[in-house]
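Survey of secondary and tertiary structure
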Amino acid sequence: MSEPTTTPGEGFHPHLHDTADRPATPLRTRLHHIRADALDGDTAQSGGMRRFAAVSGKNVGSEKLWMGQTHVAPATASSDHHHGESETAIYVVSGHPEFVFLDDSGSEPEEVRLRTSPGDYIFVPPFVPHREENPDPEDEAVVVIARSTQEAIVVNLPRLYALPADEG
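Here we come to the nonpolar core. If you look at the biggest cluster of nonpolar residues, it comprises ten residues: Ala53, Trp66, Ile90, Val92, Phe99, Ile122, Val124, Val143, Ile145 and Ala152. For this core, the elements supplying multiple residues, two or more each, are strand 5 (88-94), strand 8 (121-124) and strand 10 (141-147). If near-sequence neighbours (up to four positions away) are discounted, Ile122 is found in contact with Thr88, Ala89, Ile90, Phe99, Leu114 and Thr116.

Right under this line is the structure:
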């Protein structure tokens, strides 16, 4: 028994074909291979770390996704920051980075430190202030990051949480 053939615009890849209301763009009609030595360091940064874009609107024409790497040097902490409207997923490749945030869901705000190992994942919801730290005195920590926006949104902050009115 043979499968019926599909016509352009049907089946597995309807988005690859031109339609009257949505013409295909060259960046969105093929796969993209981004080699490890071709990552783009011209992206939003925070002190104490380096971000490198692999998949972005600029690099490959992505519309809903950003993906790249972050490197945190030994014995270094990033600036406090958040990623705006982006949901962020983090996969630990090497090292034992720590992710610090303020949990204000209880009666008293509490600084929480998530200690990770290679193979672990972290999820950062939109607008949640945090920082990455690498307590290892010798080895760099490397993570892979995926975001729900096409570019790396980074909003650097003076602290993990807002200053009380009497301090600010």
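Having seen the structure, we can now continue with the description.
Turning to the side chain of Arg147, a few remarks are in order. Here Arg147 shows up in strand 10. Here Arg147 is buried and forms no salt bridge, its nearest opposite-charge partner Glu132 lying at an N-O distance of 6.6 Å. Here His83 takes part through its side chain, which lies 3.1 Å from a polar atom of the side chain of Arg147. What Arg147 contacts, discounting residues up to four positions off in sequence, is Arg51, Lys64, Leu65, Trp66, His83, Ser86, Glu87, Thr88, Ala152 and Ile153.

Further remarks concern unusual backbone geometry. Of note, the phi angle at Ala75 is positive, near 50 degrees, even though the residue is not glycine. Turning to its location among the elements, Ala75 is positioned in the loop between strand 2 (66-72) and strand 3 (76-77). When its relative accessible area of 57% is taken as the criterion, Ala75 is described as exposed. Although it is not a glycine, Phe127 sits at a positive phi angle of roughly 65 degrees. Within the secondary structure, Phe127 is located in the loop between strand 8 and strand 9 (130-134). Given the relative accessible area of 53%, Phe127 is considered exposed.

Reading guide: rules and limits
Residues numbered from 1 in each chain as written. Predicted model: local features only at pLDDT ≥ 70, side-chain atom pairs only at ≥ 80, totals over all residues. Heavy atoms only, no water. Core = buried A, V, L, I, M, F, W, Y, C linked by side-chain atoms within 4.5 Å. Buried < 20%, exposed > 50% of the residue type's maximum accessible area, 1.4 Å probe, protein only. Helix = DSSP H or I, 4+ residues; strand = E, 2+ residues; numbered from the N terminus. Contact = heavy atoms within 4.5 Å. Lys, Arg positive; Asp, Glu negative; His and termini not counted. Salt bridge = Lys/Arg side-chain N within 4 Å of Asp/Glu carboxyl O. Polar contact = N/O pair within 3.5 Å; in protein donor to acceptor, adjacent residues only side chain to side chain.

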